[in-house]
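This is what each chain is made of:
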Amino acid sequence: MSVASSLSTAAAGAPSAGIRALARFGFAAKGLVYLLMGLLALLAATGQRGGQTADKKQAVQTLQDLPGGPFLLGFIAFGLVGYIVWRFVQAVRDTENKGSDAKGLGRRIGYAGSGLLYASLAWFAAQLAWQGSADGGSNSQQTLTATVLGWPGGNWIIMAVGAAIIGGGIYQIIKAYSGSFHKHVNASDLPANQQNIVYRTGQIGYTARGIVMAIIGYFFVQAGRQSRASATGSTDEAFDLLATMGPVVLGIVALGLMAYGLYMLVQARYPVLRGV
């Protein structure tokens, strides 16, 4: 049985209380990762010691040097596994009522896929927690891109991937200002006097996340156009590009990612979990 099918089976049969707990741990772990990335970039923008433009793995790795680092890394690893399980629950149980037509199935597959994107990070954090070291696989993205570029039509495939990532970034920004996001915040158990603050924080966070995603997508489009795998980049390269526009630009986006991390932590405390 594959890992994906095992997760699907577990998600379909797990008690609701357990699923809710895993989801909340997942939101918290994801929030901490984004807070770290944003904080490190903000320190870099302001010229402070320890600042760096880091991707998720590099940000998580900085926890090793903190008191209780292995515990924090273990929490992030466990929490991200919980996030993956929750995303599979959304896909399998159709908790968001997307339906079983082509569009609905596409959205539900997207939920599972977005969870699996964190599988590598969860494993990386777990290795750091248990062994004190881990293979970051920093060149895996470029290696995979180079492989695809060698296929017939590989350039177009990479450009299509880039366009899809850009589309995902634009969707994040649209989501930030859509009525559905506002309703999501209002549907939580947040005290009424805090809902607007959380809503604004989430808007800033989703906007910053969308900008970073769009830049990463741009890198992929350029890699496809130039047939050059080294043109791809992740969050740290996106930060580097923003830094060339000035420390103020980098600082604003860094604060935005910190806002997204805070919003995830609020979700962990006041989750809206349908269907469980």
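Residues numbered from 1 in each chain as written. Predicted model: local features only at pLDDT ≥ 70, side-chain atom pairs only at ≥ 80, totals over all residues. Heavy atoms only, no water.

Draft legend 1. Structural view of the packing of helix 4 (residues 69–93) against helix 6 (residues 119–131). Across the interface, helix 4 lies against helix 6 with an axial gap of 8 Å and an inter-helix angle of 155°. Here helix 4 is positioned roughly antiparallel relative to helix 6, judged by the angle of their axes. Crossing of helix 4 against helix 6: the hand is left-handed. For the pair helix 4 and helix 6, contact is made by Pro70, Leu73, Gly74, Ile76, Ala77, Leu80, Val81 and Ile84 and by Ala119, Leu121, Ala122, Ala125, Ala126, Leu128 and Ala129, respectively. Each residue belonging to the contact of helix 4 with helix 6 can be placed in one class, and the counts come to 14 nonpolar, 1 polar and no charged. (Axes fitted to C-alpha atoms, helices over the stretch in contact; angles between N-to-C directions. Helix = DSSP H or I, 4+ residues; strand = E, 2+ residues; numbered from the N terminus. Parallel < 35°, antiparallel > 145°, perpendicular 65-115°, else oblique. Left-handed = near helix turned anticlockwise from the far one by under 90°. Contact = heavy atoms within 4.5 Å. Nonpolar A, V, L, I, M, F, W, Y, C, P; charged D, E, K, R; others polar.)

Draft legend 2. Structural view of the environment of glycine 154. Tracing the chain through its elements places glycine 154 in helix 8 (residues 154–176). On the basis of relative accessibility, which here comes to 0%, the residue glycine 154 falls in the buried class. Remark: the alpha-carbon pair of glycine 154 and glycine 224, spanning 70 residues in sequence, is separated by 7.6 Å. Beyond its immediate chain neighbours, meaning those up to four positions away, glycine 154 contacts Val148 and Leu149. (Buried < 20%, exposed > 50% of the residue type's maximum accessible area, 1.4 Å probe, protein only.)

Draft legend 3. Representation of the confidence of the model for the protein chain in the model. Of all residues in the protein chain, 93% attain a pLDDT of 70 or more, and the chain-wide mean is 90. When pLDDT is averaged over each element of the protein chain, helix 12 (residues 247–269) comes out on top at 97 and helix 1 (residues 3–13) at the bottom at 53. (pLDDT = per-residue confidence, 0-100.)

Draft legend 4. Looking closely at the pattern of salt bridges. Applying the stated rule across the entire model yields 2 salt bridges. Measuring nitrogen to oxygen at the nearest pair gives 4.0 Å for the salt bridge that ties arginine 108 to aspartate 94. Of this pair, arginine 108 sits in helix 5 (residues 102–116) while aspartate 94 sits in the loop between helix 4 and helix 5, placing them 14 residues apart in sequence. Each member of the pair arginine 108 and aspartate 94 is classed as buried. Between glutamate 96 and arginine 274 there is a salt bridge, with its nearest N and O atoms 2.9 Å apart. You can see glutamate 96 sitting in the loop between helix 4 and helix 5 and its partner arginine 274 sitting in the segment after helix 12, a full 178 residues away along the chain. (Salt bridge = Lys/Arg side-chain N within 4 Å of Asp/Glu carboxyl O.)

Draft legend 5. Spatial organisation of helix 9 (residues 179–186). All buried positions along helix 9 are accounted for by Phe181, His184 and Val185. Each buried residue of helix 9 lies within a common arc of 95° when the element is viewed along its axis, so the set occupies one face. In this structure, helix 9 carries Ser180 and Lys183 as exposed residues pointing more than 90 degrees from its buried face. Next to the buried residues of helix 9 lie helix 8, helix 10 (192–226) and helix 12. (Arc of directions from axis to C-beta.)

Draft legend 6. Inspection of empty space enclosed by the protein at higher detail. Per the stated rule, a full pass over the model turns up 1 cavity of 30 Å³ or more. Of the volumes computed, that of the largest cavity is approximately 60 Å³. Lining the largest cavity are His184, Val185, Ser188, Leu190, Val198, Tyr263, Val266, Gln267, Tyr270, Pro271 and Val272. Contributing elements (two or more residues each) for the lining of the largest cavity: helix 9 and helix 12. Examining the composition of the lining of the largest cavity, we find that 3 residues originate from one element, helix 12, more than from any other. Tallied by class, residues from the lining of the largest cavity come to 8 nonpolar, 3 polar and no charged. (1 Å grid on protein atoms, 1.4 Å probe; cavity = no way out; pocket = protein on both sides within 12 Å on 5 of 7 lines; lining within 4 Å. Points joined across faces, edges and corners; volume = space filled by probe spheres on them.)

Draft legend 7. Expanded view of the packing of helix 10 against helix 12. Viewed as axis vectors pointing N to C, helix 10 and helix 12 meet at an angle of 125°, and their least axial separation amounts to 7 Å. By the angle class used here, helix 10 and helix 12 are oblique. When you trace helix 10 past helix 12, the crossing you get is left-handed. Seen from helix 10, the contacting residues are Val198, Thr201, Gly202, Ile204, Gly205, Tyr206, Ala208, Arg209 and Val212; seen from helix 12, they are Val253, Gly256, Leu257, Ala259, Tyr260, Leu262, Tyr263, Met264 and Val266. Considering only residue class, the contact of helix 10 with helix 12 consists of 13 nonpolar, 4 polar and 1 charged.

Draft legend 8. Summary view of the packing of aromatic side chains. In total, this model carries 11 aromatic pairs according to the counting rule given. When the ring of tyrosine 83 is compared with that of tyrosine 118, the centres are 5.4 Å apart and the planes differ by 75°; the resulting orientation is edge-to-face. Of this pair, tyrosine 83 sits in helix 4 while tyrosine 118 sits in the loop between helix 5 and helix 6; the two residues are 35 residues apart in sequence, bridging distant segments of the chain. Taken together, the ring pairs connect Tyr34, Phe181, Tyr199, Tyr206, Tyr260 and Tyr263 into an aromatic cluster. One residue, arginine 269, lies across the ring of tyrosine 270, its end atom 4.6 Å from the ring centre. (Phe/Tyr/Trp six-rings, centres within 6.5 Å; stacked < 30°, edge-to-face > 60°. Lys NZ or Arg CZ within 6 Å of the ring centre and 35° of its normal.)

Draft legend 9. Main features of helix 10. With 35 residues, helix 10 ought to run about 51 Å at 1.5 Å a step, and its terminal C-alpha atoms sit 52 Å apart, in line with that. Serine 227 sits one or two residues past helix 10 and shows a positive phi near 55°. (Expected span 1.5 Å × (residues − 1).)

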